Amino acid sequence: MKRATIGENKEHYKSYKAGKHWLYASITLLALGLGTATVETTVHADVTPAADSSSLVQKQSSADTSSSVQSSATGSTSSATTSQTPQTSDKQAPVTATSKAQVTSTTTETPANDGQDATDNPVHSDQSVGQPETTTQNNNRLANKQSAVVDDADANGTINAVSNAVNHSVPIPTDGDKTAVAESTSVLDPNNAQVWMPDANLRAYIEDCIQETYTGAIANDANLYQYLNSNYKIQLGQFPSTKNVGMITSLKGLERVTNLAHFQMDLSFFDPSAMIDLSFAPNLVDFEISNAESVPVNWGMTANELVQKYLHANPKLEFFRADQQNLTGEIPDFSNNPEIANIYLVKNQLTGTIPNLKYLTKLEGFDVSHNQLTGNIENLNQPGMKYIFVQYNQLSGPITEFGDSLIEVDLNNNQFTGQLPDLKNIGWLSVESNQFSGDLPNAQKLKNFMYFYNHFTSGILSENDNFYTGYNGRKQSIQGKNVILTDDNTTFEPGAVINGLQDLTTGKNQPTRFKMRNFKLDNITSSVMRITKVNGKNIAEDAANTFKITQDADGVYHFTGNKDVKSGTYLIFLSPQDVAYSAYVYINVDNQMTKTDPTEPVDPGTPVDPGTPSNPDTPVVPETPTTPNPIVNGGDGDAIVPNKNEADKVTKSVKQLAVHQNGQAAKGQKSAQKNTTVALNTKAEGQKVAQTAAKSPVTKADKTITTSEKVATETLPQTNEKSTMSSFIAGVLVLLTTLGFADARRRH
């Protein structure tokens, strides 16, 4: 029993020992867990005092700072920070004095919200310390106006360097920042221009123009509204100080400027998309949009649409300018602007004709140069018109009359024709590069006259060709008289079409001595050229040696032609000595002299065959002709051989045929020699031939055979072949000839 107890005790002890190990392990694990929890709680607890101490440090720093600094610099900034920064909980990291200063600095650099109304949120951070201008240029401009205020603040110790917190919260001030601080209180005023005119460049433009117009005026955003009354006429003009104005992209707020009198904008600082209806300015007298730097622009409307959309309620408008705006359509209707005195639409894309503008009774100046207008200028001939500028268009036709009140007229580079009418009171006239012709009218009242590149047959006796104070009529193109050269008329005067030059003291043309001068055309230099047209292009060739050229004592040139002169158009260049007039003269020459041109072969005509001459002193006694039997035609021109029974009847005819053939052969050979020899025959040869003819009389039968022989050499109409004797027929003829001779000998 006892052993059993001891065994049980040992077993219980082992169990107890093992359980104790598990207990220790559990306690250790629990202790470690509690230790870890205790450490985390301790660390969290350590932060809370740090936050409190930071707060104490901040309070102490604030206590050391002067009250003026707290109120002027830190107070407004911290209030703005508090309004926008959410509150921190105990679990967040503390905000130290340095971190607060950084947040404040960030808020201070935020640009002003021009679109925010000060009355809606007067304590908004963007308005409390917002910059009044958005560009460096405007900051500098405002800084100059308010520098005295900022300097006084610095002298009185407003910005104190004692407090580190304040020094860190405010960045290093620039001129613009100083201006922003100085004007911080005015931004809150609803009358401040920043509130009702958001475009800073527009504000700067208006303020500069006010100061340029009214001596001693100081205009800024805070007091701009004070100038918007009847005591001031706002003139938006392009003064020297406005050359560097930034791009104006909005005219919002301009409607408050009801006393606007002049509206001038250039595309170098104005975007057309910002344009608004100007009906709020009933006293507007001047509207000008220019484009001095040729900025590409597209209004997307016609010129008339621009006038009707933006100027329909401006009855006092006197001056209208829209130069180089790429406007299309016809000349606008200004019925709503009856006071218009000047209209300028230079360098656009206007088309159509010039309308009747007599409803504009005060119109004085009209400039539509550099467009695509057609027609004439009759409608501009109205009372009161002083200035007409229509150069570089496609206007045409004659000009029948100029108005009495005209002072300056520019018609150059069009297609006007005819003679100039009476110039009346015009003092400045430009008609170059047109098709005017004839003699000039009286030009005594002209102070400036540009008339080169026309067809004027007279000019001004002056050597002054200055563009603004001179008279330039160089390089006229004159069609000379048509010249017909004959054997009795070989000389002509090419310069006779020029009627002299006008003396401005008397208004009369004076004969002038001209000189032929060399000129260049198609890389050829000569004093006389022949002009031919090839494929629509004029081709020049040197013709200086074509005529014999002389000049008499009066300076008149005489051209003498000869039989070798080619018909065509000739060109010379005439210019007087030291006079601003010259002319190209074209002469059409028709040479009708009797001549033999080696380049054109002479047709000798058809040579006449004199035939066989006969001696009139020795009459020819013809023999009694024997009538031959008729030749039977077997078709196709072949001769039929007669019957054997008739052989005796034709023997004599065959003999005569042979003799006649020999004579005809000789005659043909001799005729050929006549056609190829210059001396056809002599009198002796004619007599010899006549004697031969007397010895061998031609009978009627011979003539019949001769006709048959002729037929044998021509082309047959049926077969289109040459008729020839076959060898068989030739043999038969020889046989018959032999028999004929034998029969004749037997008869004798």
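It should be emphasised that the depicted structure is a prediction, and the values quoted were computed from it without experimental measurement.

## Observations regarding the overall build of the protein chain
Across its full length, the protein chain holds 14 helices and 29 strands. Looking at the 748 residues of the protein chain, the share that counts as buried comes to 35%. In the protein chain, of all internal contacts separated by at least 6 residues, the share reaching a separation of at least 24 is 48%. Approximately 43,500 Å² of the protein chain is accessible, and the part contributed by carbon and sulfur atoms is 53%.

## Re the sheet that holds strand E12 (residues 435–438)
An order of E8-E10-E12-E14 is seen for the 4 strands of this open sheet, with the pairing classed as parallel. Either end of the sheet is taken by a strand with one partner, and the two such strands are strand E8 (396–397) and strand E14 (455–456). As paired strands, E12 and E14 are joined by 2 bridges and run parallel to one another. Looking across to E14, one finds that Gly-438 is bridged to Phe-456.

## Structural notes on the packing of aromatic side chains
The full count for this structure, using the stated rule, is 23 aromatic pairs. Seen in terms of ring centroids, Phe-320 and Phe-334 are 5.3 Å apart; in terms of plane orientation they differ by 65°. Their pairing is edge-to-face. Placement of the pair is Phe-320 in strand E4 (residues 319–322) and Phe-334 in the loop between E4 and strand E5 (342–344), with a sequence separation of 14 residues. Overall, the relative accessible area of 0% leaves Phe-334 in the buried class.

## Examining the sheet that holds strand E26 (residues 548–551)
Spatial strand order, E18-E27-E26: 3 strands in an open sheet with antiparallel pairing. Looking at which strands have only one partner, the edges of the open sheet turn out to be strand E18 (491–492) and E26. Both E26 and strand E27 (residues 557–560) contribute to a ladder of 4 bridges, which runs antiparallel. Counterpart to Gln-551 in the pairing with E27 is Tyr-557.

## With respect to helix H9 (residues 200–213)
Spanning 14 residues, H9 covers 20 Å between terminal C-alpha atoms, matching the ideal 20 Å at 1.5 Å per step. Burial runs high along H9: 11 of the 14 residues are buried. Turning to H9, its buried residues are Ala-200, Asn-201, Leu-202, Arg-203, Ala-204, Tyr-205, Ile-206, Glu-207, Asp-208, Cys-209 and Ile-210. If you check the start of H9, you find a side-chain oxygen 2.9 Å away from the backbone N of Asn-201, and it comes from Asp-199.

## So, helix H10 (residues 303–310)
All of the buried residues along H10 are Ala-303, Leu-306, Val-307 and Tyr-310. On an axial view of H10, the arc spanned by its buried residues comes to 95°, and they lie on one face. Packed against the buried residues of H10 are strand E3 (286–290) and E4.

## Description of the side chain of Asp-266
On the secondary structure map, Asp-266 appears in strand E2 (residues 260–266). Arg-321 provides the closest opposite charge to the buried, unpaired Asp-266, separated from it by 9.1 Å. Polar contacts involving the side chain of Asp-266 include one to the side chain of Ser-268, which spans 2.9 Å. Separated by 2.7 Å, the side chains of Asp-266 and Ser-290 make a polar contact. Non-local contacts of Asp-266, meaning those with residues more than four positions away in its chain, are made with Gln-238, Ser-290, Asn-291 and Ala-292.

## As for the pairing of strand E16 (residues 471–479)
Here strand E13 (residues 448–450) runs beside E16; their pairing, made up of 2 bridges, is parallel. Within E16, the position partnered with Met-450 by the bridge is Asn-472. Here E16 runs beside strand E29 (residues 581–591); their pairing, made up of 5 bridges, is parallel. Counterpart to Gln-479 in the pairing with E29 is Tyr-586.

## Section: the side chain of Ser-527
Among the secondary structure elements, Ser-527 is positioned in the loop between strand E23 (524–526) and strand E24 (528–534). Owing to a relative accessible area of 17%, Ser-527 belongs among the buried residues under this scheme.

## So, the pattern of salt bridges
Per the stated rule, a full pass over the model turns up 8 salt bridges. A salt bridge links Arg-321 to Asp-323; the shortest N-O distance between them is 2.6 Å. Arg-321 sits in the buried class, given a relative accessible area of 19%. Under the relative-accessibility criterion, Asp-323 is labelled buried at 12%. Note that Lys-362 is salt-bridged to Glu-339, the shortest N-O span being 2.6 Å. In this pair, Lys-362 is assigned in the loop between E5 and strand E6 (365–367) and Glu-339 in the loop between E4 and E5, connecting sequence segments 23 residues apart. Counted as one network, the salt bridges with shared partners bring together Glu-288, Arg-321 and Asp-323.

## Brief notes about the environment of Lys-362
When its relative accessible area of 43% is taken as the criterion, Lys-362 is described as partly exposed. In this structure, the C-alpha to C-alpha distance between Lys-362 and Ile-340, residues 22 residues apart in sequence, is 6.4 Å. When near neighbours in sequence (up to four residues on either side) are disregarded, Lys-362 contacts Glu-339, Ile-340 and Ala-341.

## Structural notes on the confidence of the model for the protein chain
Residue-level pLDDT values for the protein chain average 72, and 54% of them are 70 or greater. Low pLDDT, under 50, characterises residues 608–622; the stretch is placed with 9 contacts to residues that sit more than four places away or in other chains.

## Focus: the environment of Arg-517
Mapped onto the fold, Arg-517 is located in the loop between strand E21 (514–516) and strand E22 (519–521). The partly exposed category is assigned to Arg-517, whose relative accessible area is 26%. As for Arg-517 and Pro-576, which are separated by 59 residues in sequence, their C-alpha atoms are 9.8 Å apart. When near neighbours in sequence (up to four residues on either side) are disregarded, Arg-517 contacts Ser-526, Ser-527, Phe-573, Ser-575, Pro-576 and Gln-577. Polar side-chain contacts of Arg-517 include one of 3.4 Å to the side chain of Gln-577.

## Topic: the environment of Pro-296
Summarising the element assignment, Pro-296 is placed in the loop between E3 and H10. Placed 29 residues apart in sequence, Pro-296 and Leu-267 show a C-alpha to C-alpha distance of 8.9 Å.

## Some remarks on the nonpolar core
By size, the foremost hydrophobic cluster in this structure holds 110 residues, and its most contacted members are Phe-263 and Phe-320. Contact partners of Phe-320, with chain neighbours within four places excluded, come to Phe-287, Leu-306, Val-307, Leu-311, Phe-334, Ile-340, Asn-342, Ile-343, Tyr-344 and Leu-345. Formed by 7 residues, the second largest nonpolar core is a distinct cluster that contains Phe-519, Ile-531, Phe-573 and Tyr-584.

Calculation notes
- All residue numbers refer to position in the chain's written sequence, counted from 1.
- Since the coordinates come from a predicted model, pLDDT governs what is reported: local features require at least 70, and pairs of side-chain atoms require 80 or more to be given and counted, while whole-chain, interface and lining totals use all residues.
- Calculation of side-chain values draws on the structure's entire complement of heavy atoms; hydrogens and water are dropped beforehand.
- Secondary structure counts use DSSP, requiring at least four H or I residues in a row for a helix and at least two E residues in a row for a strand, with both numbered from the N terminus.
- Summary of the burial criterion: residues with accessible area below 20% of their type's maximum are buried, those above 50% are exposed, and those between are partly exposed, where the area comes from a 1.4 Å probe applied to protein chains only.
- We call two residues contacting when some pair of their heavy atoms lies within 4.5 Å.
- In short, Shrake-Rupley with a 1.4 Å probe defines the accessible areas, and a residue's cover is counted only from the protein chains shown.
- Pairing between two strands is assigned when DSSP locates at least 2 bridges connecting them.
- Only Phe, Tyr and Trp rings are paired, with Trp represented by its six-membered ring, and only when their centres lie within 6.5 Å; those with planes under 30 degrees apart are stacked, over 60 edge-to-face, the remainder tilted.
- Between the first and last residue of a helix there are one fewer steps than residues, each counted as 1.5 Å, and that sum is the expected span.
- Think of a polar contact as two N or O atoms within 3.5 Å of one another; within protein, one of them needs to be a possible hydrogen donor and the other a possible acceptor, and neighboring residues in sequence only count if both atoms come from side chains.
- It is the directions from the helix axis to the C-beta atoms that the arc portrays.
- Residues scored as charged are limited to Lys and Arg (positive) and Asp and Glu (negative), so that His and the chain ends carry no count.
- Whenever Lys or Arg places a side-chain nitrogen within 4 Å of a carboxyl oxygen from Asp or Glu, that contact is recorded as a salt bridge.
- Per-residue confidence from the predictor is given as pLDDT, running between 0 and 100.
- We call a set of buried Ala, Val, Leu, Ile, Met, Phe, Trp, Tyr and Cys residues a nonpolar core when their side-chain atoms join them within 4.5 Å.

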